[in-house]
Amino acid sequence: MFSRVRQFLFPRIPELAPHEAYRLWAEDYPPYAHNLLMEIEERAMTALLPAVRGKRVLDVACGSGRYARWLHANGAHVSALDFSYEMLARSDRSLARAQADMNALPLESGAVQVIVCGLAVGHVADMERALREMARVLTPHGTLVYSDFHAATRKWKRTFRAQNQTYAVQHFPRHQAEHVAALRKAGFVPETFQAVHVSAELARVDARAQDFRDRWGDTPVALVVRAQKS
Ligand SMILES: C[S@@+](CC[C@H](N)C(=O)[O-])C[C@H]1O[C@@H](n2cnc3c(N)ncnc32)[C@H](O)[C@@H]1O
């Protein structure tokens, strides 16, 4: 009886595995940064990228393709992949796209010079395996730039609405030390770790940022990482 009342007052949010979550989420997932976190994460990611003009660049777990679009606009020869057919279907058709799991990349070794992977490594249980695959398909000294939710947000659920219901997507938050260890084991030299904050300067000009800081203060929201294949 009490548990039914509690469930009514505080309904439990079902947590979905990433593939199922993004199948449902895709319909409402446009191919550009569509919230404050993505906007500031994207600024940090693009600032850390090397020059991409004329280079072969792979967007791993491209989703609806916001980074693939940016890379293409900046002169890269882009390939993009994601394991969600529905997310890929939202991305630009003129890009080279494929449905694939980041744990088994369908590319030859040394095929690309740069890899970008936005907000996706946190979805894989075995991050080292995915990073090993990325190291394999990079040329020697190739660059990997990726982002993840910051470990400081590990208690926050990653939720979305679909079919009139709120869902959470499974995510494995990791501390910087775990990223360092996985990168090294996978064959990378970690270069830069940048904690992305909602800054006080931004809050002065952006009401969403002010709301965030009123609630969460200076909690870092994302970690942006740059590493070189050793
Ligand atoms: C938060 S979205 C980010 C999409 C895009 N990278 C961006 O930054 O806008 C995470 C994406 O990772 C994809 N994904 C999660 N696990 C994956 C895996 N093992 N292999 C390939 N894609 C995966 C999902 O389908 C989803 O499109």
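Just above sits the structure.
Worth saying up front: this structure is predicted, and the values here are computed from it rather than measured. Sequence order sets the numbering: in each chain, residues are counted from 1 along the sequence as written. With pLDDT at 70 or above as the cut-off, local features in this predicted model cover only qualifying residues; side-chain atom pairs require 80 or more to be listed or tallied, and sums for whole chains, interfaces and linings still use all residues. To get the side-chain values, all heavy atoms of the structure are used, and hydrogens and water are removed first.

Student: Please clarify how the sheet that holds strand β1 (residues 15-16) should be interpreted in this entry.
Tutor: Within a sheet, adjacent strands bond to each other through the backbone by hydrogen bonds, running parallel or antiparallel. Pairing is mixed across the open sheet formed by three strands, whose spatial order is β1-β8-β7. Where the open sheet ends on each side, the last strands, each with one partner, are β1 and β7 (159-162). The pairing criterion is simple: DSSP has to find at least two bridges between the two strands. Secondary structure counts use DSSP, requiring at least four H or I residues in a row for a helix and at least two E residues in a row for a strand, with both numbered from the N terminus. By the bridge criterion, two bridges tie β1 to strand β8 (residues 165-169) in an arrangement that is parallel. By the bridge assignment, glutamate 15 is partnered in β8 with alanine 168.

Student: Help me out: how do you make sense of the packing of aromatic side chains in this one?
Tutor: Aromatic rings considered in pairs are described by the distance between their centres and by the relative angle of their planes. Between the rings of Phe, Tyr and Trp (Trp by its six-membered ring), a pair exists once the centres lie within 6.5 Å; its type follows the angle of the planes, with under 30 degrees stacked, over 60 edge-to-face, and the other angles tilted. Within the structure shown, the criterion is met by seven aromatic pairs. Here the aromatic rings of tyrosine 22 and tyrosine 29 are separated by 6.2 Å at their centres, their planes lie at 70°, and the arrangement is edge-to-face. Each member of the pair, tyrosine 22 as well as tyrosine 29, carries the same accessibility label: buried. With a centroid separation of 4.5 Å and 45° between ring planes, the pair formed by tryptophan 156 and tryptophan 216 is classed as tilted. Pair noted here: tryptophan 156 is in the loop between β6 (138-149) and β7 and tryptophan 216 is in helix α9 (residues 207-216), with a separation of 60 residues, a long-range link. Taken together, Tyr22, Trp25, Tyr29, Phe160 and Tyr167 form an aromatic cluster joined through their ring pairs. Residue exposure (1.4 Å probe, protein chains only): buried if accessible area is under 20% of the type maximum, exposed if over 50%, otherwise partly exposed.

Student: Help me understand the side chain of arginine 66, please; the structure alone is not making it clear to me.
Tutor: As for its position among the elements, arginine 66 is in helix α4 (residues 66-73). For this analysis, a polar contact is any N or O atom pair within 3.5 Å, provided that within protein one partner can donate a hydrogen and the other can accept it, and provided that sequence-adjacent residues contribute only side-chain to side-chain pairs. Within polar-contact distance, the side chain of arginine 66 engages the side chain of glutamate 41 at 2.7 Å.

Student: Can you help me understand the packing of helix α3 (residues 36-48) against α4 in this one?
Tutor: Geometry of a packed helix pair, given as the angle between the helix axes and the separation of the axes. Fitted lines through C-alpha atoms give the axes, limited to the stretch in contact for helices. The angle between two N-to-C directions lies from 0 to 180 degrees. One way to put it is that α3 packs onto α4 with a least axis distance of 12 Å and a crossing angle of 40°. As summarised for this structure, α3 and α4 are arranged oblique, according to the angle between their axes. Between α3 and α4 the crossing geometry is right-handed. On α4, the residues touching Met38, Glu41, Glu42, Met45 and Thr46 of α3 are Arg66, Tyr67 and Trp70. In this count, Pro and Cys sit with the nonpolar residues alongside Ala, Val, Leu, Ile, Met, Phe, Trp and Tyr, while Asp, Glu, Lys and Arg are called charged and the others, Gly among them, polar. Counted by class, the contact of α3 with α4 contains four nonpolar, one polar and three charged residues. When an angle is under 35 degrees it counts as roughly parallel; over 145 it counts as roughly antiparallel; between 65 and 115 it counts as roughly perpendicular; any other value is oblique. The handedness criterion is simple: a crossing whose near helix is rotated anticlockwise from the far helix by less than a right angle is left-handed, and one whose near helix is rotated clockwise is right-handed. Contacts were defined at the residue level, with two residues in contact if any of their heavy atoms lie within 4.5 Å.

Student: I would appreciate a short explanation of the pattern of salt bridges in the present structure.
Tutor: Think of it this way: side chains of opposite charge can pair up when their charged atoms draw near. What counts as a salt bridge is simple: a side-chain nitrogen of Lys or Arg found within 4 Å of a carboxyl oxygen of Asp or Glu. Enumeration over the complete set of coordinates arrives at ten salt bridges. Across the pair glutamate 20 and arginine 23 runs a salt bridge whose closest N-O atoms are separated by 2.9 Å. Here glutamate 20 and its partner arginine 23 are both found in helix α2 (residues 18-25), three residues apart, which amounts to about one turn of the helix. A residue is classified by how much of its surface remains accessible, and glutamate 20, at 33% relative accessible area, is partly exposed. Look at arginine 23 and you get partly exposed, because its relative accessible area is 38%.

None of the figures reported here should be taken as evidence of function without further support.
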